[in-house]
Amino acid sequence: MKRLILSLALLAVPFFVFGRGYEVEYEPEYLNGDTNLDGAVCFDDSLAILFYLWGGGSELECLSPSDVDRSGVVGLEDAILGLRHVFLGADIQDCWVTCGRAGSE
Ligand SMILES: [Ca+2]
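Everything numeric here is computed off the predicted structure, so don't read it as measured data.

(A) Layout of the overall build of the protein chain. Check the secondary structure of the protein chain and you find three helices and two strands. Ordered by position in the sequence, the α and β elements of the protein chain form the string α-β-α-α-β. In the protein chain, which comprises 105 residues, the share counted as buried stands at 23%. Taking the intrachain contacts of the protein chain between residues at least 6 apart in sequence as the baseline, contacts between residues at least 24 apart amount to 61%.

(B) Focus on helix 3 (residues 76-88). In this model helix 3 runs 17 Å from its N-terminal to its C-terminal C-alpha over 13 residues, within 8% of the 18 Å that 1.5 Å per residue would give. Those residues of helix 3 that sit buried are D78, A79, L81 and G82. Take helix 3 and look down its axis: the buried residues cluster within an arc of 165°, on one side only. Of the exposed residues in helix 3, the ones pointing more than 90 degrees away from its buried face are L76, F87 and L88. Of the residues trailing helix 3, G89 is marked for its positive phi of about 80°.

(C) Expanded view of helix 2 (residues 43-53). Taken together, the buried positions of helix 2 are D45, S46, A48 and I49. Projected down its long axis, helix 2 carries its buried residues within an arc of 155°, all on one side. Close packing links the buried residues of helix 2 with helix 3. Looking one or two residues beyond helix 2, the residue adopting positive phi is G55, at roughly 75°.

(D) Main features of the packing of helix 2 against helix 3. Interaxial distance between helix 2 and helix 3 falls to 8 Å at its minimum, and their mutual angle equals 165°. Classified by the angle their axes make, helix 2 and helix 3 are roughly antiparallel. In this structure, helix 2 crosses over helix 3, and the sense of that crossing is left-handed. Contact residues: helix 2 offers F43, D45, S46, I49, L50 and L53, while helix 3 offers L76, D78, A79, G82, L83 and V86. Its residues assigned to classes, the contact of helix 2 with helix 3 shows eight nonpolar, two polar and two charged.

(E) Spotlight on unusual backbone geometry. Phi angles above zero are rare outside glycine, and L37 is one such case at about 60°. Note that L37 resides in the loop between strand 1 (29-31) and helix 2. Of note, the phi angle at R70 is positive, near 60°, even though the residue is not glycine. Its location among the elements puts R70 in the loop between helix 2 and helix 3.

About the thresholds
Residues numbered from 1 in each chain as written. Predicted model: local features only at pLDDT ≥ 70, side-chain atom pairs only at ≥ 80, totals over all residues. Helix = DSSP H or I, 4+ residues; strand = E, 2+ residues; numbered from the N terminus. Buried ≥ 20, exposed ≤ 12 C-beta atoms within 10 Å, placed from the backbone. Contact = placed C-beta atoms within 7 Å. Expected span 1.5 Å × (residues − 1). Arc of directions from axis to C-beta. Axes fitted to C-alpha atoms, helices over the stretch in contact; angles between N-to-C directions. Parallel < 35°, antiparallel > 145°, perpendicular 65-115°, else oblique. Left-handed = near helix turned anticlockwise from the far one by under 90°. Nonpolar A, V, L, I, M, F, W, Y, C, P; charged D, E, K, R; others polar.

If you want it as structure tokens, here you go:
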């Protein structure tokens, strides 16, 4: 029994010595079209884009999910595509994007 405990302790040593040396940072990902980052693509996401474009609302926290058509810029067409997706079932790229510049994934 002592040998078993000693063996398990020796096997665990490298884990404790080397296992704490790495810190991996993951950049959060958001669903394409989820402008307000609430986890769903809804009507209010297109409204947030419209307010962003015409200055009546706050800045977008994250541009890339707002680039709904993945063209590289956030524009009126993204708001329209978002609305068409919500109300008419139009296809948008169903992908996860990081919080980078518009068009980045
Ligand atoms: Ca949303």
